[in-house]
Amino acid sequence: MTLTPTRASDVRVRRLTTTLYGYSFLEDFILLYPVYALLFSDTGLSVGQISSLFALWSVTGVLLEVPSGVWADAVSRRLLLWLGPLLTAAGFALWVLVPSYGAFALGFVLWGAGGALGSGALEALVYDELERLDAAGRYARVMGRARAAGLVAVMAAMGLAGPVLTWGGHTAVGAASVLVCLLSAATALRFPEHRSPKAGHENWAATLRAGLAEARADRSVRGALLLVPAVSAVWGALDEYTPLLVRGTGVADGTVPYLLLLIWAGATAGSLLAGEGERLGTGGLAAVLAGAGLALAVGAAAGTPAGLVLVALAFGGFQAATVLADARLQRRIEDTGRATLTSVAGLGTELTTIAVYGGYAVIASGAAHSTAFAVFAIPYLTTAAALLLAVAAKVRA
């Protein structure tokens, strides 16, 4: 049986998306996520030592974000998606085999390096392959579903970590996490890749220069680069504090995980609806950000369990906007520097997230967590206003 060109293209798109969804799920289905702080504490680390590990993890990601993106443009992106989970697996193995501060520190460096290798490379590979198949218009929908798969994996890991920890302790949880990383690496080998990268130090430097030159020369690329951290960084940082926000509503500690699942469900729904939102345009994206910002402010300020429904809606809007901002950036980048500039946007997100952590600490030290969440709705309202001003300027022009 001979497939028509359209049917053959659909088959290739299906293979790409199936691999992507599996890879995204496995990448976040790490049973160590909910309990690694317990491992550190049980080993005898102080709060200060644990905090220093988190800082080392963040610094590793920041330092390697752009170099790894440039490397993804200079060599095979599929190679980096395969190598990243292997580095993470090595880090997790160290944690459970030789639990100590030094092993934990080296593990975080390996984990941070593994994450940096995939940042930029995954988006670039998926967009280029879809574009080759004349399906670039599906990018937002596809990546939205991939993000949803990752969120579902996190929730599944949260549900399974407790029973596995009870059954086999940290060794069982760590072994399961290493196995999932190895499965993730094996899945990466199924990604199609039809570009012909050229390796070499000179190429690496030329790729970096070309990517940055494109951002300097094209105002629309610069705007898209700035939009990614503006949309994704704040709510990504606030997510770390949602347990404290939920507890602040007065519910029992045993109820906190269930209300957190509500917020995660909102973010998952936002991922699934991102493809539909691509038709909204700049004005529609501004409306999504403004609506989500208002929902966050009102829901958090309410300080009640019912108000968390609005917070969940806000996180859904922010997740959808994050996918749409990424799609907007991919459409504006030329193929040669796609991973490089995607990683530049990722670096901006990392640095902005660190700034949000600092700002949150200042606000929450003298006010309730609900107040801090409400204050951080302001950047989204400001971004929405900036997008509407850009639309108005374009109309006038």
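Residues numbered from 1 in each chain as written. Predicted model: local features only at pLDDT ≥ 70, side-chain atom pairs only at ≥ 80, totals over all residues. Heavy atoms only, no water.

- The protein chain is annotated in an unreviewed UniProt entry as MFS transporter from Streptomyces atrovirens.

### Some points on the packing of helix H7 (residues 139-188) against helix H13 (residues 307-332)
(1) Moving on: Two elements in contact, H7 and H13, have axes separated by 9 Å at closest approach and are oriented at 135°. Comparing the axis directions of H7 and H13 gives the class oblique. Of the two elements, H7 crosses H13, and the hand of that crossing is right-handed. Facing Tyr139, Ala140, Met143, Gly144, Arg147 and Leu151 of H7, the residues of H13 in contact are Gln319, Thr322, Val323, Leu324, Asp326, Ala327 and Gln330.
(2) Moving on: Residues belonging to the contact of H7 with H13 are distributed by class as follows: seven nonpolar, four polar and two charged. (Axes fitted to C-alpha atoms, helices over the stretch in contact; angles between N-to-C directions. Helix = DSSP H or I, 4+ residues; strand = E, 2+ residues; numbered from the N terminus. Parallel < 35°, antiparallel > 145°, perpendicular 65-115°, else oblique. Left-handed = near helix turned anticlockwise from the far one by under 90°. Contact = heavy atoms within 4.5 Å. Nonpolar A, V, L, I, M, F, W, Y, C, P; charged D, E, K, R; others polar.)

### A look at the environment of tryptophan 71
(1) Moving on: Inspection of the secondary structure assignment puts tryptophan 71 in helix H3 (residues 47-74).
(2) Moving on: Among the residues examined, tryptophan 71 registers a relative accessible area of 32% and is labelled partly exposed.
(3) Moving on: Placed 268 residues apart in sequence, tryptophan 71 and alanine 339 show a C-alpha to C-alpha distance of 8.3 Å. (Buried < 20%, exposed > 50% of the residue type's maximum accessible area, 1.4 Å probe, protein only.)

### Examining the environment of alanine 105
(1) Moving on: Mapped onto the elements, alanine 105 comes out in helix H5 (residues 101-118).
(2) Moving on: Separated by 55 residues in sequence, alanine 105 and isoleucine 50 place their C-alpha atoms 9.5 Å apart.
(3) Moving on: In contact with alanine 105, not counting residues within four places along its chain, are Leu53 and Leu56.

### Quick look at the packing of aromatic side chains
(1) Moving on: Inspection of every chain in the model, using the stated rule, returns 29 aromatic pairs.
(2) Moving on: On the numbers, 6.0 Å between centres and 80° between planes, the contact of phenylalanine 54 with phenylalanine 108 is edge-to-face. Highlighted residues: phenylalanine 54 in helix H3 and phenylalanine 108 in helix H5, separated in sequence by 54 residues.
(3) Moving on: Residue classification places phenylalanine 108 among the buried positions, given a relative accessible area of 0%.
(4) Moving on: Aromatic pair phenylalanine 315 and phenylalanine 318: ring centres 6.4 Å apart, planes at 55°, arrangement tilted. Of this pair, phenylalanine 315 and phenylalanine 318 both sit in helix H13, three residues apart, which is roughly one turn of the helix. The same class applies to phenylalanine 315 as to phenylalanine 318, namely buried.
(5) Moving on: Here a set of aromatic residues connected by ring pairs shows up, and it is made of Tyr33, Tyr36, Phe40, Phe54, Trp57, Phe92, Trp95, Phe104, Phe108 and Trp111. (Phe/Tyr/Trp six-rings, centres within 6.5 Å; stacked < 30°, edge-to-face > 60°.)

### Things to note about the environment of alanine 146
(1) Moving on: Mapped onto the secondary structure, alanine 146 falls in helix H7.
(2) Moving on: When the C-alpha atoms of alanine 146 and leucine 20 are compared, they prove to be 6.6 Å apart, with 126 residues separating the residues in sequence.
(3) Moving on: Ignoring any residue separated from it by four or fewer positions in sequence, one finds alanine 146 in contact with Leu20, Tyr21 and Ser24.

### A word on a nonpolar patch on the surface
(1) Moving on: A contiguous nonpolar patch, built from Leu262, Val298, Val309, Leu310 and Leu313 and spanning about 400 Å² of accessible area, is present on the exposed surface.
(2) Moving on: A per-element tally of the nonpolar patch places H13 first, with three residues.
(3) Moving on: Structurally, the position occupied by leucine 313 is in helix H13. (Patch = residues over 30% accessible without salt bridge, like charges linked within 9 Å, V, L, I, M, F, W, Y side chains within 5 Å. Areas by Shrake-Rupley, 256 points an atom, 1.4 Å probe, with all protein chains shown as cover. Salt bridge = Lys/Arg side-chain N within 4 Å of Asp/Glu carboxyl O.)

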